[in-house]
Amino acid sequence: MTSDQFSHLDLSKPRWPQDNYTGRAKHFFTVTNPLNVLLSSKDLDAAKKLVTTFNNQEPLPPGTTEQDLWKAKYRYDSAFHPDTKEKMLIFGRMSAQVPMNMTITGCMLTFYRTTPAIVFWQWTNQSFNAIVNYTNRSGDAPLSSKRILTSYACATTGAVGTALALNSMTKKLPALVGRFVPFAAVACANCINIPLMRSRELTEGITVTTKDGEVIGESKTAAKKAIVQVTVSRIGMAVPGMVIPPIIMNRMSKGAFLKRFPLMNAPIQVGLVGLSLIFATPLCCALFPQQSSIATGKLEQNLQHDIKNRGLQVAEVYFNKGL
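Nothing here was measured: the structure is a model prediction, and the numbers come from that model. (Residues numbered from 1 in each chain as written. Predicted model: local features only at pLDDT ≥ 70, side-chain atom pairs only at ≥ 80, totals over all residues. Heavy atoms only, no water.)

Some details on the UniProt feature "transmembrane region" (unreviewed entry) in the chain
Alright, step 1. Using the residue numbers shown here, the UniProt feature "transmembrane region" (unreviewed entry) corresponds to residues 268-288.
Alright, step 2. Helix makes up 86% of residues 268-288 and strand makes up 0%, while its end C-alpha atoms are separated by 32 Å. (UniProt positions renumbered as here; feature names shortened; annotations may be inferred. Helix = DSSP H or I, 4+ residues; strand = E, 2+ residues; numbered from the N terminus.)

Next up, the structure:
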C-alpha cells in the first residue's frame with residue numbers, strides 16, 4: 001500500500017485547524033490524553049515508524065487506514081519532542097500532566113498547615129515542574145547542568161518561601177483563605193521556574209521561520225513572547241484544580257462525613273483535582289497556538305535586515321512556543 005491514497009493528509013500538522021480555539025482544544029485533548037502514558041516503548045516506536053514511513057512516502061503496511069495514521073501521529077506527538085524528535089521523559093510528557101499533577105496538587109491542598117508538609121510538597125511539585133519545563137522546552141539546544149540546577153533551586157526556594165510566608169500571614173484569617181496558599185505559591189514558582197529553565201532562549205533566542213518553514217534566525221523577542229504565553233497557560237492550568245476543590249473541601253470539612261472518615265480527605269481532594277485537570281490541561285494548552293507568530297516589525301533589527309536582504313515578503317514569522 002502506498003502513501004498516494006492518503007496524499008490529502010499532512011501528518012506534520014494537527015488534525016484540526018489551529019487558527020481557532022476549538023481546533024486547538026480538540027488537538028490538545030488528544031495530545032494530553034492520560035491513557036497515552038500507558039503506551040509501551042514498542043507501541044510508541046511503532047507509531048513513530050508508521051508516521052516516518054508515511055512522511056517519507058514509502059509503502060505503508062497492508063490494511064493501513066486514515067484513522068491508523070492519525071492514531072499513530074498523536075501517539076508520536078505525545079511522546080516525541082517536536083524539535084529534537086527524541087523520546088521525552090515519561091514524567092515530562094503532557095499526557096502525564098493529569099495523573100502526576102492530580103496526585104501532587106491534591107496532597108499540597110490537603111497537607112498545607114505544617115511547615116514540613118509545605119516544604120516537602122512544594123519541593124516535590126517544583127521537582128516535577130522542572131522536569132516538565134525541561135522536557136517541553138522550545139528548540140533542540142542542550143541546557144547546562146548549572147543552568148538547570150540554578151532554575152530548580154530558585155523556583156523551589158520561591159515556592160517554599162511564598163507558601164511559608166503566606167501561611168504565616170493567613171493563620172488568623174478564615175480557613176478558606178489558607179486553602180489558597182498553595183495556589184499562590186505555585187503561581188509564583190511558575191513565574192520563576194519557566195523563565196529560568198528556558199533562560200538560554202532569552203539569552204540566545206529561539207528559531208523563527210516563515211509560514212513555509214524557511215528558517216530566518218534566532219530571536220530573543222520571540223523567546224520572551226513564547227515564555228510569557230507558556231507561563232500564562234501553566235498558571236491558568238492550575239486555577240481550576242487549586243481553586244475549586246478548596247471551596248468544596250472547606251464546605252465538606254464542616255459536614256459529618258469527613259469528621260467521621262478524616263482519611264478520605266486526601267483521596268477526595270486528589271479526585272476533585274484530577275477531574276478539574278482533565279479539562280483544564282488541554283483547554284489551557286490551547287490558549288495560544290503551538291506555532292505562535294510575531295510581527296516582523298517587532299523582531300530584532302538584525303533579523304529585520306536579514307529578511308529584507310533575502311527579499312522575503314513576510315508580515316509575520318513563526319516559532320514553537322513550547323509547552
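On we go.
Some remarks on the confidence of the model for the chain
Alright, step 1. Here the chain averages 83 in pLDDT, and 96% of its residues register 70 or above.
Alright, step 2. Here helix 7 (residues 175-179) stands out as the least confident element of the chain, with mean pLDDT 71; helix 1 (residues 21-31) is the most confident, with 91. (pLDDT = per-residue confidence, 0-100.)

A closer look at the domain arrangement of the chain
Alright, step 1. Domain assignment breaks the chain into domain 1 (3-87) and domain 2 (95-205 + 218-288).
Alright, step 2. Its C-alpha centre places domain 1 at a distance of 29 Å from the equivalent point of domain 2.
Alright, step 3. Facing 15 residues of domain 1, the contacting portion of domain 2 comprises 19 residues.
Alright, step 4. Taking both partners together, domain 1 and domain 2 bury about 1,300 Å²; carbon and sulfur atoms supply 67% of that area.
Alright, step 5. Three residues, Y21, F29 and T32, lead the burial of domain 1 against domain 2; their summed loss comes to 35% of the area buried on that side.
Alright, step 6. Taken together, the connections running from domain 1 to domain 2 amount to zero salt bridges.
Alright, step 7. Viewed at the interface, domain 2 and domain 1 are joined by three residue pairs in polar contact (both at pLDDT 80 or more).
Alright, step 8. Of all the elements, helix 1 adds the most residues to the side of domain 1 that touches domain 2, at six residues.
Alright, step 9. Split by residue class, the side of domain 1 that touches domain 2 holds seven nonpolar, six polar and two charged. (Domains from an automatic or database assignment. Contact = heavy atoms within 4.5 Å. Buried area = accessible area lost by both parts, 1.4 Å probe. Salt bridge = Lys/Arg side-chain N within 4 Å of Asp/Glu carboxyl O. Polar contact = N/O pair within 3.5 Å; in protein donor to acceptor, adjacent residues only side chain to side chain. Nonpolar A, V, L, I, M, F, W, Y, C, P; charged D, E, K, R; others polar.)

Quick notes on the packing of aromatic side chains
Alright, step 1. A full pass over the atoms with the stated rule returns six aromatic pairs.
Alright, step 2. For the pair W16 and Y74, a centre-to-centre distance of 5.9 Å together with 45° between the ring planes defines the contact as tilted. In this pair, W16 sits in the segment before helix 1 while Y74 sits in helix 3 (residues 66-79), placing the two residues 58 residues apart along the sequence.
Alright, step 3. Consider the rings of F29 and F279, whose centres lie 6.4 Å apart with planes at 75°: the pair is edge-to-face. (Phe/Tyr/Trp six-rings, centres within 6.5 Å; stacked < 30°, edge-to-face > 60°.)

Let's talk about the packing of helix 8 (residues 181-197) against helix 10 (residues 220-252)
Alright, step 1. In contact at an axis separation of 10 Å, helix 8 and helix 10 are set at 160° when each is read in the N-to-C sense. Compared by their axis directions, helix 8 and helix 10 come out roughly antiparallel. Handedness of the helix 8/helix 10 crossing: right-handed. Contacts between helix 8 and helix 10 involve P182, F183, V186, A187, N190, C191, I194 and P195 from the first element and I227, V230, T231, R234, I235, A238, V239 and M242 from the second.
Alright, step 2. Here the residues of the contact of helix 8 with helix 10 are counted per class, giving 13 nonpolar, two polar and one charged. (Axes fitted to C-alpha atoms, helices over the stretch in contact; angles between N-to-C directions. Parallel < 35°, antiparallel > 145°, perpendicular 65-115°, else oblique. Left-handed = near helix turned anticlockwise from the far one by under 90°.)

Let's talk about the pattern of salt bridges
Alright, step 1. Per the stated rule, a full pass over the model turns up six salt bridges.
Alright, step 2. The salt bridge partner of R200 is E204, with a shortest N-O separation of 3.0 Å. Of this pair, R200 and E204 both sit in helix 9 (residues 199-204), separated by four residues, roughly a single helical turn.
Alright, step 3. Assessed through its relative accessible area of 44%, E204 is described here as partly exposed. (Buried < 20%, exposed > 50% of the residue type's maximum accessible area, 1.4 Å probe, protein only.)

So, the nonpolar core
Alright, step 1. If you look at the biggest cluster of nonpolar residues, it comprises 26 residues, and the most contacted ones within it are F6, L9, L11, F28, F54, L69 and C285.
Alright, step 2. Looking at this core, the elements that each hand over two or more residues are helix 1, helix 2 (41-55), helix 3 and helix 12 (265-285).
Alright, step 3. Broken down by element, this core gets its largest block of residues, six residues, from helix 3.
Alright, step 4. With residues near it in sequence (within four places) discarded, F28 still touches P282, C285, A286, Q290 and L323.
Alright, step 5. Within the second largest apolar cluster, 14 residues are counted, among which are C107, M108, V273 and L277. (Core = buried A, V, L, I, M, F, W, Y, C linked by side-chain atoms within 4.5 Å.)

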